[in-house]
4 protein chains.
Amino acid sequence: MSAKYAVILGNLGNTCDRFLSGGYKSDLSKEQLWQQVGEMPEVSGIELVGTWDIDADNWKDVKNKLEKYGLQCVSIIPDLFSTRIWGRGSYSAPDRSVRERAVSYTKELVDLAREVGCDLLNIWPGQDGYDYPLAANYREEREWLLDGLKTSAEYAHEKGVRLALEYKVKEPRTHSYLARAADTLLVAQATGLPNVGLTIDSGHAFVAYENVGEMVTLLSMFGDRLFHMHFNDNYGFWDDDMIVGSVRTVEHFEMLYWLRATGYSGWYSMDQYPYREDAQGAIRASILYLQKLEAILDHVGMDAVEALLAKRDAVATAEFVRNHLLASPG
Amino acid sequence: MSAKYAVILGNLGNTCDRFLSGGYKSDLSKEQLWQQVGEMPEVSGIELVGTWDIDADNWKDVKNKLEKYGLQCVSIIPDLFSTRIWGRGSYSAPDRSVRERAVSYTKELVDLAREVGCDLLNIWPGQDGYDYPLAANYREEREWLLDGLKTSAEYAHEKGVRLALEYKVKEPRTHSYLARAADTLLVAQATGLPNVGLTIDSGHAFVAYENVGEMVTLLSMFGDRLFHMHFNDNYGFWDDDMIVGSVRTVEHFEMLYWLRATGYSGWYSMDQYPYREDAQGAIRASILYLQKLEAILDHVGMDAVEALLAKRDAVATAEFVRNHLLASPG
Amino acid sequence: MSAKYAVILGNLGNTCDRFLSGGYKSDLSKEQLWQQVGEMPEVSGIELVGTWDIDADNWKDVKNKLEKYGLQCVSIIPDLFSTRIWGRGSYSAPDRSVRERAVSYTKELVDLAREVGCDLLNIWPGQDGYDYPLAANYREEREWLLDGLKTSAEYAHEKGVRLALEYKVKEPRTHSYLARAADTLLVAQATGLPNVGLTIDSGHAFVAYENVGEMVTLLSMFGDRLFHMHFNDNYGFWDDDMIVGSVRTVEHFEMLYWLRATGYSGWYSMDQYPYREDAQGAIRASILYLQKLEAILDHVGMDAVEALLAKRDAVATAEFVRNHLLASPG
Amino acid sequence: MSAKYAVILGNLGNTCDRFLSGGYKSDLSKEQLWQQVGEMPEVSGIELVGTWDIDADNWKDVKNKLEKYGLQCVSIIPDLFSTRIWGRGSYSAPDRSVRERAVSYTKELVDLAREVGCDLLNIWPGQDGYDYPLAANYREEREWLLDGLKTSAEYAHEKGVRLALEYKVKEPRTHSYLARAADTLLVAQATGLPNVGLTIDSGHAFVAYENVGEMVTLLSMFGDRLFHMHFNDNYGFWDDDMIVGSVRTVEHFEMLYWLRATGYSGWYSMDQYPYREDAQGAIRASILYLQKLEAILDHVGMDAVEALLAKRDAVATAEFVRNHLLASPG
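What this report covers is the structure whose coordinates are included nearby. (Residues numbered from 1 in each chain as written. Chains lettered and ligands numbered in written order. Predicted model: local features only at pLDDT ≥ 70, side-chain atom pairs only at ≥ 80, totals over all residues. Heavy atoms only, no water.)

### Comments concerning unusual backbone geometry
Item 1. Along the chain, E171 of chain B connects to P172 of chain B via a cis peptide bond; the corresponding omega equals 10°.
Item 2. Non-glycine residue D224 of chain A carries a positive phi angle of around 55°.
Item 3. Mapped onto the elements, D224 of chain A comes out in the loop between α7 (212–221) and β9 (226–231). (Helix = DSSP H or I, 4+ residues; strand = E, 2+ residues; numbered from the N terminus.)

### Re the relation of the copies chain A and chain B
Item 1. Mapping chain A onto chain B calls for a screw motion: a turn of 180° about the axis and a shift of 0.0 Å along it, with 0.0 Å RMSD after fitting. Given the turn and translation reported, the copies of this chain are related as if by a two-fold rotation axis. Residues of chain A ranked by C-alpha distance from the rotation axis are headed by A182 of chain A, positioned 2.7 Å from it.
Item 2. Of the residues that chain A buries at the interface, 100% are likewise interface residues in chain B, meaning the two copies contact each other through the same surface. (Least-squares fit on C-alpha atoms with pLDDT ≥ 70 in both. Contact = heavy atoms within 4.5 Å.)

### Thoughts on helix α11 (residues 314–325) of chain A
Item 1. The element α11 of chain A is extensively covered by neighbouring structure, given that 9 of its 12 residues are classed as buried.
Item 2. Those residues of α11 of chain A not exposed but buried are A314, V315, A316, T317, A318, F320, V321, R322 and L325 of chain A.
Item 3. Buried residues in α11 of chain A make contact with α8 (250–261), α9 (279–300) and α10 (302–311) of chain A together with α9 (279–300) and α11 (314–325) of chain D.
Item 4. Its side-chain oxygen 2.9 Å from the backbone nitrogen of V315 of chain A, D313 of chain A forms the N-cap of α11 of chain A. (Buried < 20%, exposed > 50% of the residue type's maximum accessible area, 1.4 Å probe, protein only. Polar contact = N/O pair within 3.5 Å; in protein donor to acceptor, adjacent residues only side chain to side chain.)

### Observations concerning the pairing of strand β3 (residues 72–77) of chain D
Look at any regular strand and the pattern is simple: side chains alternate between the two faces of the sheet.
Residues and elements named next belong to chain D.
Item 1. For β3, the buried fraction is high: 5 of the 6 residues fall into the buried class.
Item 2. Here strand β2 (residues 43–49) runs beside β3; their pairing, made up of 5 bridges, is parallel. Across the sheet, residue I46 finds its bridge partner in β3, namely C73.
Item 3. Crossover connection from β2 via helix α2 (residues 59–69) to parallel β3: handedness right-handed. (Pairing = 2+ DSSP bridges. Right-handed = clockwise from strand over helix to strand, strands pointing away.)

### What about the interface of chain D and chain C?
Item 1. In this assembly, 55 residues from chain D lie in contact with 55 residues from chain C.
Item 2. For the pair chain D and chain C, the summed buried area comes to about 4900 Å², and 64% of that belongs to carbon and sulfur atoms.
Item 3. The largest contributions to the chain D side of the interface with chain C come from L134, Y209 and R312 of chain D, which together make up 20% of the buried area.
Item 4. For the pair chain D and chain C, the interface holds 6 salt bridges.
Item 5. Across the pair E141 of chain D and R312 of chain C runs a salt bridge whose closest N-O atoms are separated by 2.3 Å.
Item 6. Taken together, the connections running from chain D to chain C amount to 24 residue pairs in polar contact (both at pLDDT 80 or more).
Item 7. Among the elements of the structure, α4 (138–159), α5 (181–190), α7 (212–221), α8 (250–261), α10 (302–311) and α11 of chain D are those that each provide at least two residues to the side of chain D that touches chain C.
Item 8. At 7 residues, α4 of chain D tops the list of elements feeding residues into the side of chain D that touches chain C.
Item 9. The residue makeup of the side of chain D that touches chain C, split by class, is 30 nonpolar, 9 polar and 16 charged. (Buried area = accessible area lost by both parts, 1.4 Å probe. Salt bridge = Lys/Arg side-chain N within 4 Å of Asp/Glu carboxyl O. Nonpolar A, V, L, I, M, F, W, Y, C, P; charged D, E, K, R; others polar.)

### Concerning the environment of Y130 of chain C
Item 1. Turning to its location among the elements, Y130 of chain C is positioned in strand β5 (residues 129–130).
Item 2. For the pair Y130 of chain C and E141 of chain C, spaced 11 residues apart in sequence, the C-alpha separation works out to 9.7 Å.
Item 3. Within the local environment of Y130 of chain C, its side chain forms a polar contact with the side chain of E214 of chain D, the two groups lying 2.5 Å apart.

### Observations concerning the packing of α9 of chain A against α11 of chain D
Item 1. Between α9 of chain A and α11 of chain D, the shortest axis-to-axis distance is 9 Å and the interhelical angle comes to 15°. Between α9 of chain A and α11 of chain D, the angle falls in the class roughly parallel. Classified by chirality, the crossing of α11 of chain D by α9 of chain A is left-handed. From α9 of chain A, G281, A282, A285, L288, Y289 and K292 of chain A reach across to α11 of chain D, where they touch V315, A318, V321, R322 and N323 of chain D.
Item 2. Residue classes in the contact of α9 of chain A with α11 of chain D are distributed as 7 nonpolar, 2 polar and 2 charged. (Axes fitted to C-alpha atoms, helices over the stretch in contact; angles between N-to-C directions. Parallel < 35°, antiparallel > 145°, perpendicular 65-115°, else oblique. Left-handed = near helix turned anticlockwise from the far one by under 90°.)

### Observations regarding the relation of the copies chain D and chain C
Item 1. For these two chains of identical sequence, chain D goes onto chain C by a turn of 180° and a shift of 0.0 Å along the axis, with RMSD 0.0 Å.
Item 2. In this assembly, 100% of the residues forming the interface of chain D have copies in chain C that are likewise at the interface, indicating an isologous arrangement.

### Let's talk about the pattern of salt bridges
Item 1. Tallied over the entire structure, the rule returns 92 salt bridges over all chains.
Item 2. Between R101 of chain C and E108 of chain C there is a salt bridge; the shortest N-O distance is 3.2 Å.
Item 3. Residue class for R101 of chain C comes out partly exposed when judged on its relative accessible area of 32%.
Item 4. For D111 of chain D, the salt bridge is made with K159 of chain D, and the minimal N-O distance between the two is 3.9 Å. Here D111 of chain D is found in helix α3 (residues 96–115), whereas its partner K159 of chain D is found in helix α4, with 48 residues between them in sequence.
Item 5. Accessibility expressed as a relative area gives 35% for K159 of chain D, which makes it partly exposed.
Item 6. Each of R18 of chain A together with K168, E171, D239 and D241 of chain C takes part in one network of salt bridges that share partners.

### A word on the packing of aromatic side chains
Item 1. Tallying each qualifying case throughout the model produces 80 aromatic pairs over all chains.
Item 2. Ring centres of Y257 of chain A and W258 of chain A lie 5.1 Å apart, and the angle between their planes is 80°; on these two criteria the pair is classed as edge-to-face. The same class applies to Y257 of chain A and to W258 of chain A, which are both buried.
Item 3. Arranged with centres 5.4 Å apart and planes meeting at 55°, the rings of Y273 of chain D and Y275 of chain D form a pair that is tilted.
Item 4. For Y273 of chain D, a relative accessible area of 12% corresponds to the buried category.
Item 5. Members of the aromatic cluster, connected to one another through ring pairs, are F19 of chain A together with Y24, W52, F81, W124, Y273 and Y275 of chain C.
Item 6. Stacked on the ring of Y209 of chain D, the Lys or Arg K170 of chain C has its end atom at 4.0 Å from the ring centre.
Item 7. Across from the ring centre of W144 of chain D, 3.7 Å away, lies the NZ or CZ of R99 of chain D, which sits over that ring. (Phe/Tyr/Trp six-rings, centres within 6.5 Å; stacked < 30°, edge-to-face > 60°. Lys NZ or Arg CZ within 6 Å of the ring centre and 35° of its normal.)

### As for the interface of chain A and chain B
Item 1. Taken together, the contact between chain A and chain B spans 55 residues of the former and 55 residues of the latter.
Item 2. For the pair chain A and chain B, the two sides together bury roughly 4900 Å², of which 64% comes from carbon and sulfur.
Item 3. By the criterion of area lost to chain B, the three top residues of chain A are L134, Y209 and R312 of chain A, representing 19% of everything that side buries.
Item 4. At the surface where chain A touches chain B, the tally comes to 6 salt bridges.
Item 5. Of the charged contacts, one joins E214 of chain A and R142 of chain B as a salt bridge, the two residues approaching to 2.8 Å between their closest N and O atoms.
Item 6. Counting across the chain A and chain B interface gives 24 residue pairs in polar contact (both at pLDDT 80 or more).
Item 7. Among the elements of the structure, α4 (138–159), α5 (181–190), α7, α8, α10 and α11 of chain A are those that each provide at least two residues to the side of chain A that touches chain B.

Taken by themselves, the reported measurements are silent on function.
In C-alpha cells:
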C-alpha cells in the first residue's frame, strides 16, 4: 500500500534567494518542467501555482498537458506571494483594494481549478503577517484575513472546491498570521465552513518546533481538517526545503504512521527548493525515501508500531529504530 | 492608571537547576518569603503553589498571612510538576491512577482556593508531553488530557473557580501538549465550559516565537479567554526567566498596549527564576520596569499608539521608540 | 564624541527575497541611491559592492560621486555571492577555475579600492559553505578557502589594503565556513598576515547567539582584529536585517560601550534589508538610534558603566536600564 | 574495527531538573551504578565526576572497582558546576578565592587521575559565563579564565595529564565562555601548552548549530586538538541529552566518518540524561546505535564515503542514505 505522490511544478525550475535573485541554475522552459514531472514514475499528481503555471489564458493547454503526462492536478496554489501587489499582505493588506483583489483572484482560481478537474486550492498567504513589533494592528488584520478567507471559501464551497490553508511561522514576513497548525485551525473553524482545512508542510512544522505526527493527530481530532501534505526536511531553524530524510529519520517514519492511523487520504506532495541540486533528482529522492519508509511500515505493520507507542519507552523505540529503520550490513 | 501587580511566592526562594540541584542560594523560611513579598509596595497579589505553599493543613495559616501582609491570593498553581508522581505526566499520564490523582488533586485545590478567597487556578501541566519521536500515542494522551481538564473544570465551575491553562512549548518535556496559545485555546474551548481560559507567560510565548501582543489579541477575539498574565524575559530560545526588560523593550511596551486595548482586567504577575540574583530585587525590578512603561503609555496615550499602529510603518515606529521609549539625556 | 557612520549603497535600493524576486519596491537609479546617501547629514562614509556599484569601468565616476557627495569610501564588498558563478562557493568552490577567479577578482577590487581612496575590502564569502550533511569535504574546502584568502591577502598587504572577513552562521548556505567570530579569527590568524581581520555584523552575531560586546572584546584580546562593524537588528533566529533597536535595547548600549572600551576606531556602518520600508528612512533610523545611545553613554560616562559591570549584578543593571536608558515621561 | 566505548558513571543514576529537583527515579547506590556499567559488554571505559564519584578519600576504592569491573578510567570531570561555591563561576568567578580554589581543585584531580591510571581531565566550566547583557566584564573574566586554565594545565603537563576543554554554548548560564569549538580552541592555544585540547559533546555542538564532522575536521587542522568525544542527541535548540540517533541519522554517520578520517584515537563516551528512561538501557542504546553505524561504515568502506563527499551532490548523498543507511525490508 503506497500513498499517492505529487510534486509542485515550479520546484523543478530555477530557484533563487535574496542574494542570487537570478537563480542558481539555468531557466528551463515550462514544457521541460512538465516533461520532467512526467518522467517520474512514482508521481501521479501535480500542483500548479497561479500566474506562474496556470491562468485564464492557458488553462486549456494545462488540461492538455495533464492528459499528455497522465497527471492529476491535485491542487492549485494561488500566487499570493510573488507579485509586488501582495508585498504588504493579501487578504489582510492595509489597502482595501488589494484585499478585494486577493478575494477575487482566489475566486478566479476556484473556477480555473474546476476547469482542470482539481478540487483543492492550497492557500499560502505568506505575505500576510508583520515584521516589526509595534507596527501592525493585529486585531484589524486578523479580521480582514478571516473575512477574505471566509468570502473566498463560500464561493469555493458552492463550486465544490476545498481550501487547504498552509501555515508557516515566518518568511517572507518575520511573523505570519497563519503560523502554526492550531492557530490556522482556529481560522479554518471560524469560517464556519466544512470546505476549509489545512495543509501541513512538514518543514514549516519543524521550524515551528511542532512534531508533525502530533499535528496530524490534532487536526484529525478537531474536525478532521487535514486536507493536504507537503514534504521537505530542514535543520529546525529555517525553511531550508531540503530533500526528505536529509536530517531526520525517526520523525519521518512516525509521521507516515500517523497519516495512516488517522485515515489521511490526501496526497503526499513534495515541496522543495533545490537551489544547487538537480531538481528532478532531488525531488524524486524525497519520494523514494518516503516510499522506502512506507515499505518498512508495511513490513513491520501498523499494529507493531501501535504496540511500540503504547510502551512509551524511548529505549524500546531506540531498539525499534536499530532493528527496523537502520540497515543491517553484511 | 496602573495594573495590579502580583508575584509568585516561590520565586522569592532558592532556585535550582539540573546541575546545581541544591540551589544557588541559601534557603529562606516560608515566613521570610512572605515577608519579602509584603515589603514590596507595588505588590498587592500573590500566587501560591500547591503543596509547596498551601495544602489542606496550612490554609488557615495562609489566610492569616494574606491578611497580615495585605495581599490577595490571585491564583493557586497546583503542583503538577515537582513531585515524582507526575514525572511521566499528570492528566495525561500513562498510569490511570495517576491521571485520577491529578483530577482529584485539582479538585482539592479548587476547594482550598475558595477557602482563601481565590477564584483562579493557574494550571501548568508541564509534565504532560513527550520527549522522543515515536514514543508516545498523541491521540490517546490528548484525550486523557482533555478528559482530566474537563472533569476538573466542571467541578471548578460549580465552585465558581476559573482555570487558567498556562502553556509552554517545552521543558521539562522536549514537547508539551499545552504548547502555544492557539493549541491551548483549542483545549480550553473543547471543555465546553466558560470558566476555562489561558495564562500567557510572556517568556513562554517568546520561546514559541509568538508575539505576545498578537496572542493577547487572538485570545480576546476567540472568546475572551485570557485569564492571567505571567511576565519575564529571555533570549528567545529557552525559558530563561529573566528580569523583564533585560533583552526586549519594544515588545514589552506593545504588550502593555494590547492588554489595555483588549480590556484585560486580570493581574500582572511576575514569574522569574533569579538563580544568582537577589530574588526580591530581581522581581521588583520587573515590576518597576513595567510600571515605567505604563507611565510612558499613560503619557503618550492609547490613541497615539493606535494611530502609530495604523501607519504600519516601521520607520515611524522607530521614531516613536527614539522619542518616547528611549531616554533623552542632558 | 560620536562615531563615524556609514551606509551600504545597495541597501538604499530595491530588495528582494526568494518569493518576490523582483523586489518589494520600485527600482531607483544609481544616481538616486547616491543622492539619498548624500542627503543623510549623519553619514560620511559609504560601502560599495563590487560589480553592482563599482568596477573597472566606472571607478572614475564613483570617485566623482564620492567627491560630489562628500563621502569617504570606507569599504568595498566584493560580489562573491550574487553572481551565478559563485553559486557553489567562491574561494572554496569545487571548480578550481572558480576558485582562481575568486582570487583574481579580489585582487582587482584591491586595485579599485586604492583608486578610490579606500583601504578596506569587506569580504563576505557567503556562498562558501555547505547545505547537506555528508555532502561536502570540509577539510579540502577549508584548505581551499584559506589558500584563496591568503593569496588575496598577500596581494592586498602589498597594496596597503586590509581585508575584513565578515562571518555569518548561515544563509545562503545552511552552514557557512566563516560562521562565527572565533572560527573566522582562526582563519584570519592562519593567513599569517596582519592585514586580515574581521567585520562583526551585529545581526549575524545575534543569529549565532553571540553577545556582540563579548565578541568585540574577544577580537580585541586576540590580536586586535576587529576591523569593521555592520549594524542591524533581528529576532535571534534569522538575519532579518531590521532597523537597529527594533527588538533589543540593552545589548546595543552594551556593544557601544565595548567598542569604545576596546578602542575600536573603525566605522559604524548600517547593513539592512528594508524590504517594505522606505530605505532611506529605515537606515537613518538606525543611525539616529545609535547616536541616541551614544549620547546616553556620553552622559553617564564610561566609568559609570565600567563600575556597573564590575558589580556583576543583574538587579543593578536593571536599575541602570530604568534610570538611564528608558524615558522618564512627564 | 570498532571504537572504544565509555560511559559517565553518574548518567546511570538519578537525574533531576529544575522542576523536579529530587529526580525522576529512585536513587541507586554507587555500587549499583558501577555494577550496571560493568554489565555492559560494549563498555570498557568510564568517566568519573570529581566529588560525586572520586575524591581524596575514596580513590583506592575507585581503583579496586576499576579492576573489579575491568574498566579503564578514561577521564575525570572536575565538579566545577554542581557545588554552590561555583555558582557564579569557577576559574572566572568574581571572587578571587573561588578562582584560586578552582585551580587548586583541578590540581588535586590531576593527582587523583594519576593515582587511578587516568591521563585526562575533562574540564567543563559550565558556570563560567554570564546571564544578562550589561552585567559582566567579559575582558576581565576571560583573562581570569585563561589564567586559571593555564596554571592548571602547567601542573597537569608536568604530571603527564591532558586537559580536554568541553564547550557548551549555554546552560547553566545563558552564555558560556567556552561556548563553541573555535572559541575554545583559541583558549586552548592561548595556554601555550600541548596538553590542552577539546572535548566535543555532539549535543552541545548541535545546539551551537555546528556540524560535528566539520568541527572534528577543524580541530584536526588546527593543531590536532580533539582529545575526547561525548555523544548524545537533541532537537537542536537545547541540550536534551537524548539517546544517540533519536533525531538525526546522517549527521551521526558523517561524524563517525570524520573521526576515522582524521585519525581520532580517543574514546567514544556517552553523555546522556535519561530523566525518565531506564538509564542503563538508554545509554547502551546509544552505543549499539553507533556500533551499527560503524558496521555500516566498515561495510561500505571509507573510500566509498570519501568518493561520495567528493561529488558534493545532495542527490547522490540521498541515494547513499537510502541504499546504505536505511533498512531494506523483505
